Amino acid sequence: MFDTAAAVLDWMGVIVFAVTGGLVASRKQMDIVGFALLGTATGIGGGSLRDVLLGQPVFWVHEPAYLVTCLVVSALTFFAAHLPQSRYVVLLWLDALGLALFCVTGAERALLAGTGPTVAVAMGVITATFGGVIRDVLGDEIPVVLTREIYVTAALCGAAVFVTLSQVGLGREAAIAAGLGA
Amino acid sequence: MFDTAAAVLDWMGVIVFAVTGGLVASRKQMDIVGFALLGTATGIGGGSLRDVLLGQPVFWVHEPAYLVTCLVVSALTFFAAHLPQSRYVVLLWLDALGLALFCVTGAERALLAGTGPTVAVAMGVITATFGGVIRDVLGDEIPVVLTREIYVTAALCGAAVFVTLSQVGLGREAAIAAGLGA
Amino acid sequence: MFDTAAAVLDWMGVIVFAVTGGLVASRKQMDIVGFALLGTATGIGGGSLRDVLLGQPVFWVHEPAYLVTCLVVSALTFFAAHLPQSRYVVLLWLDALGLALFCVTGAERALLAGTGPTVAVAMGVITATFGGVIRDVLGDEIPVVLTREIYVTAALCGAAVFVTLSQVGLGREAAIAAGLGA
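Residues numbered from 1 in each chain as written. Chains lettered and ligands numbered in written order. Predicted model: local features only at pLDDT ≥ 70, side-chain atom pairs only at ≥ 80, totals over all residues. Heavy atoms only, no water.

A. Representation of the side chain of C:Asp51. Residue and element names in this part refer to chain C. Along the polypeptide, Asp51 turns up in helix H2 (residues 32-54). Assessed through its relative accessible area of 0%, Asp51 is described here as buried. A polar contact of 2.8 Å, which involves the side chain of Asp51, links it to the backbone nitrogen of Phe59. Beyond its immediate chain neighbours, meaning those up to four positions away, Asp51 contacts Gln56, Pro57, Val58, Phe59 and Arg109. (Helix = DSSP H or I, 4+ residues; strand = E, 2+ residues; numbered from the N terminus. Buried < 20%, exposed > 50% of the residue type's maximum accessible area, 1.4 Å probe, protein only. Polar contact = N/O pair within 3.5 Å; in protein donor to acceptor, adjacent residues only side chain to side chain. Contact = heavy atoms within 4.5 Å.)

In structure tokens form, the structure reads like this:
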């Protein structure tokens, strides 16, 4: 259903968010099962909510590769999380990267499902932020998106630019590039 | 799908809850993006969960006016939130008003979807309480509905009265009025 | 849709989790409405998320008996919660029991919906853990599943054993028994 460029971004977003879930698990000194849970919930949470709200089949239910990827990434994070000097700084950077990726793919998926542009932008923001919100609520931290609103603003701008360009008939690849750059 | 009276109540409920979301954002000293996020999530959260559980299309996905309204109301709250002497008292009153509105429209929507009366009452309570629960979990407060159970009791009574009157064949408008009064 | 054995386990799981919801309400000194809310949300939360993700009708929406059972069990817990010496120990034991029950029925339901084995195991874990997560987030506690990962590991093993045995064509009842024992 996705074209290739959006699918690649979607995979990258899932991986990036799974790493951030692992980093929060590391900060909370959980064991490897906690890593797997938080990493998977963060990686697929945003997209799951998007698909449920759109009334579409949830993207990972018939594609187990997403789940396996999240588990593998969480396990790798488990063994590598002690390496960076400041896990929180890495977390913030990856969170911003994941937001940029998901705001575009979330909006794209909504447009493909036939929604109008306003709702598509909202879906981009939901997809981009909800995985991190689950992660932070489960890890008992204040959600990053609520304390660092700059990230949400960026996601909003990215999704808005992408949707606008898609609407005016620009090639999809160009729109994706612009949405990511914003 | 809704008749006119229920639609008006639904709109009022969305607006009232969006204001309460903005008030919590104000208490947490968020910026305007935080207001928009919390206001929108609070305004449409309860109805979204109701529609997903009922297997119905989510009410705002093909009706962007709901999203736009939440954003506008959140922005107005951003500029007006410092005016009342006690934001918490205003919050409690508006929460009670929104509960009364949504318990009726939630139960109505469930009956229209063909559920039995018990489930319709439960859907009324879910619609009425879930937006506020999202708001309080995101804002890192104890949910109002769990510490002030009197509100839930009121929502429960309102939904029960409405469903009972609907079942015995009373005119819908009269049932709505009675459900609100309860 | 369920065969008889799985249906019995499902009912037992709902009841066990409703009791744990009531125990948390008791620890937080809520009144009887708080008991009903937390008990019901805990009892039906995991299965609701499973059904929504699978795109199936939510199991309790057309079967009000589940709701009524949760309410009755919560009320009984309200009057009996002061009896055990340590509510927290009872809570942990019941949580483990509920996890074992739901990981099997969740995986079974996913297989019946036509998912592959990996996703079925994930659905077992989701069904088993999500009700408790809702309970603990609403009760403002750190979720038990994240601090006592041994429970999730048990749920994972139970679901995995059940799915493996189902796949190799073992009789369903034997698979259920093995999944519970694991």
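The rest of the description comes next.
B. Here's a closer look at helix H3 (residues 65-80) of chain A. All names here are of chain A. Its 16 residues give H3 an end-to-end C-alpha distance of 22 Å, which sits within 8% of 22 Å, the value for a rise of 1.5 Å per residue. Of all the residues in H3, the buried ones are Tyr66, Leu67, Thr69, Cys70, Val73, Ser74 and Thr77. Buried positions in H3, seen along its axis, are confined to an arc of 160° and lie on one side of it. Along H3, the residues that are exposed and aim more than 90 degrees away from the buried face are Leu76 and Phe79. (Expected span 1.5 Å × (residues − 1). Arc of directions from axis to C-beta.)

C. Fine view of helix H4 (residues 87-112) of chain B. The terminal C-alpha atoms of H4(B) lie 37 Å apart, and with 26 residues this matches the ideal 38 Å at 1.5 Å per residue to within 8%. Looking at the residues trailing H4(B), positive phi occurs at B:Gly114, about 90°.

D. Quick peek at the packing of helix H2 (residues 32-54) of chain B against helix H3 (residues 65-80) of chain B. All names here are of chain B. In contact at an axis separation of 8 Å, H2 and H3 are set at 130° when each is read in the N-to-C sense. Judged by the angle between their axes, H2 and H3 are oblique. Handedness of the crossing formed by H2 with H3: right-handed. Across the interface between the two elements, Ile32, Phe35, Ala36, Gly39, Thr40, Gly43 and Ile44 from H2 touch Leu67, Cys70, Leu71, Ser74, Thr77 and Phe78 from H3. Residues belonging to the contact of H2 with H3 are distributed by class as follows: 8 nonpolar, 5 polar and no charged. (Axes fitted to C-alpha atoms, helices over the stretch in contact; angles between N-to-C directions. Parallel < 35°, antiparallel > 145°, perpendicular 65-115°, else oblique. Left-handed = near helix turned anticlockwise from the far one by under 90°. Nonpolar A, V, L, I, M, F, W, Y, C, P; charged D, E, K, R; others polar.)

E. Just the relation of the copies chain B and chain A, in detail. Expressed as a screw operation, the relation of chain B to chain A combines 0.0 Å of axial shift with a rotation of 120°, fitting to an RMSD of 0.0 Å. This pairing of chains is accounted for by a three-fold axis. Nearest to the rotation axis, the C-alpha of B:Val52 is located 4.1 Å from it, this being the minimum over chain B. When the interface residues of chain B are mapped onto chain A, a mere 12% of them are again interface residues, pointing to distinct binding faces. (Least-squares fit on C-alpha atoms with pLDDT ≥ 70 in both.)

F. Spatial organisation of the environment of C:Phe78. Residues and elements named next belong to chain C. Structurally, Phe78 can be placed in helix H3 (residues 65-80). Through-space distance from the C-alpha of Phe78 to that of Gly34 is 9.7 Å; in sequence the pair is 44 residues apart. Excluding residues that lie within four positions of it along the chain, Phe78 makes contacts with Met30, Asp31, Ile32 and Phe35.

G. Region of interest: the interface of chain B and chain C. Counting residues at the interface gives 19 residues for chain B and 17 residues for chain C. Between chain B and chain C the total buried area reaches about 1,500 Å² when both faces are included, carbon and sulfur atoms providing 81% of it. Remark: the boundary between chain B and chain C carries 0 salt bridges. Seen at the junction of chain B and chain C, the total is 0 residue pairs in polar contact (both at pLDDT 80 or more). For the side of chain B that touches chain C, the secondary-structure elements that each account for two or more residues are H2, helix H5 (117-138) and helix H7 (149-167) of chain B. Considering each element in turn, the side of chain B that touches chain C owes the most residues, 8 residues, to H5(B). Partitioning the side of chain B that touches chain C into residue classes produces 14 nonpolar, 4 polar and 1 charged. (Buried area = accessible area lost by both parts, 1.4 Å probe. Salt bridge = Lys/Arg side-chain N within 4 Å of Asp/Glu carboxyl O.)

H. Up close: the environment of A:Cys70. Relative to the helices and strands, A:Cys70 resides in helix H3. Sequence separation between A:Cys70 and A:Gly43 is 27 residues, and the spatial gap between their C-alpha atoms is 6.6 Å.

I. Spatial organisation of the pattern of salt bridges. The final tally for this structure, using the stated rule, is 9 salt bridges over all chains. With a shortest N-O distance of 3.1 Å, B:Arg50 and B:Asp51 are connected by a salt bridge. An identical accessibility class is assigned to B:Arg50 and B:Asp51; each is buried. Shared partners join several salt bridges into a network, and the residues in it are A:Arg50, A:Asp51 and A:Arg109.

J. Fine view of the nonpolar core. By size, the foremost hydrophobic cluster in this structure holds 99 residues, and its most contacted members are A:Trp60, A:Met123, B:Trp60, B:Met123, C:Trp60 and C:Met123. Broken down by element, this core gets its largest block of residues, 9 residues, from H4(B). Among the nonpolar cores identified, the runner-up in size contains 22 residues, and A:Leu38, B:Val133, C:Leu38 and C:Leu138 belong to it. (Core = buried A, V, L, I, M, F, W, Y, C linked by side-chain atoms within 4.5 Å.)

K. Structural context of the interface of chain B and chain A. Listed by partner, the interface residues are 17 residues for chain B and 19 residues for chain A. Overall, the association of chain B and chain A removes approximately 1,500 Å² of surface from exposure, summing both partners, and the carbon and sulfur fraction of that is 81%. When the area that chain B buries against chain A is broken down by residue, the three leading residues are B:Leu37, B:Val61 and B:Leu138, summing to 31%. Across the contact surface, chain B and chain A share 0 salt bridges. Counting across the interface, chain B meets chain A through 0 residue pairs in polar contact (both at pLDDT 80 or more). Of all the elements in the fold, those that place two or more residues in the side of chain B that touches chain A are H2, H3 and H5 of chain B. If you tally residues by element for the side of chain B that touches chain A, the top one is H2(B), at 5 residues. Class assignment for the residues of the side of chain B that touches chain A results in 12 nonpolar, 3 polar and 2 charged.

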